[in-house]
Amino acid sequence: PYGLHANERLGLVLTAHHRDDAEETILLKILRGAHITNISGMNKVAYMEQEKSQTKTTFAKPMLSVRKMDIVNYLKSKGFIWREDASNSSNKYLRNRVRNELMPLLRDIVGGDIILQVCDLPLRCHCVYS
């Protein structure tokens, strides 16, 4: 089925990456000095083929348009217990410092949600360099 050979396998991996993760990724690229044409967030879908095992895997991030807090609130409203990885509160890693310090500061400076300004940036850059 689906044009596969008898010995081929398909795989699908869905991750729970969300809008906050996408913003952090873009800001980290900026902070690390990425060229303006390489400033982009996470791909919603990516593909990987492994010739040795003849496996075709699709990686998808269906929640990139959803805020983490919206996910947490939804799960809690359905009776689920939210569990946060303890390492997320540590500022040992740069991504965590961006999440815990820079993002709240930027939200305070711009007076609210920064997603529109940050996540539109790759589109604006593409228009300039196309």
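Residues numbered from 1 in each chain as written. Predicted model: local features only at pLDDT ≥ 70, side-chain atom pairs only at ≥ 80, totals over all residues. Heavy atoms only, no water.

Draft legend 1. Representation of the pattern of salt bridges within the structure. Taken as a whole and assessed by the stated rule, the structure comprises eight salt bridges. Across the salt bridge formed by Arg 99 and Glu 24, the nearest N and O atoms sit 3.0 Å from each other. Taken together, the residues Arg 99 in helix 3 (residues 94–110) and Glu 24 in helix 1 (residues 19–31) connect sequence positions 75 residues apart. Using a relative accessible area of 2% as the deciding quantity, one classes Glu 24 as buried. A salt bridge links Glu 101 to Arg 97, with the nearest nitrogen and oxygen atoms 3.1 Å apart. Remark: Arg 97 and Glu 101 occur in helix 3; sequence separation between them is four residues, near one turn of the helix. Here Glu 101 falls in the partly exposed class, since its relative accessible area comes to 37%. Taking the relative accessible area as the measure of exposure, Arg 97 reaches 43% and is therefore partly exposed. (Salt bridge = Lys/Arg side-chain N within 4 Å of Asp/Glu carboxyl O. Helix = DSSP H or I, 4+ residues; strand = E, 2+ residues; numbered from the N terminus. Buried < 20%, exposed > 50% of the residue type's maximum accessible area, 1.4 Å probe, protein only.)

Draft legend 2. Quick peek at the environment of Gln 50. Along the chain, Gln 50 falls in strand 2 (residues 45–50). Between the C-alpha atoms of Gln 50 and Arg 9, which are 41 residues apart in sequence, the distance is 9.9 Å.

Draft legend 3. How the structure looks around the confidence of the model for the chain. For the chain, per-residue confidence averages 83 on the pLDDT scale, and residues scoring 70 or more make up 81% of the total. Here helix 5 (residues 121–129) stands out as the least confident element of the chain, with mean pLDDT 51; helix 2 (residues 68–77) is the most confident, with 95. (pLDDT = per-residue confidence, 0-100.)

Draft legend 4. Region of interest: the sheet that holds strand 3 (residues 55–60). Here we have three strands laid out as an open sheet, ordered 1-3-2, and mixed in their pairing. This sheet does not close on itself; its edge strands, each paired only once, are strand 1 (9–14) and strand 2. Shown here is a sheet whose adjacent strand axes are inclined to one another by a mean of 15 degrees, direction ignored. (Pairing = 2+ DSSP bridges. Axes fitted to C-alpha atoms, helices over the stretch in contact; angles between N-to-C directions.)

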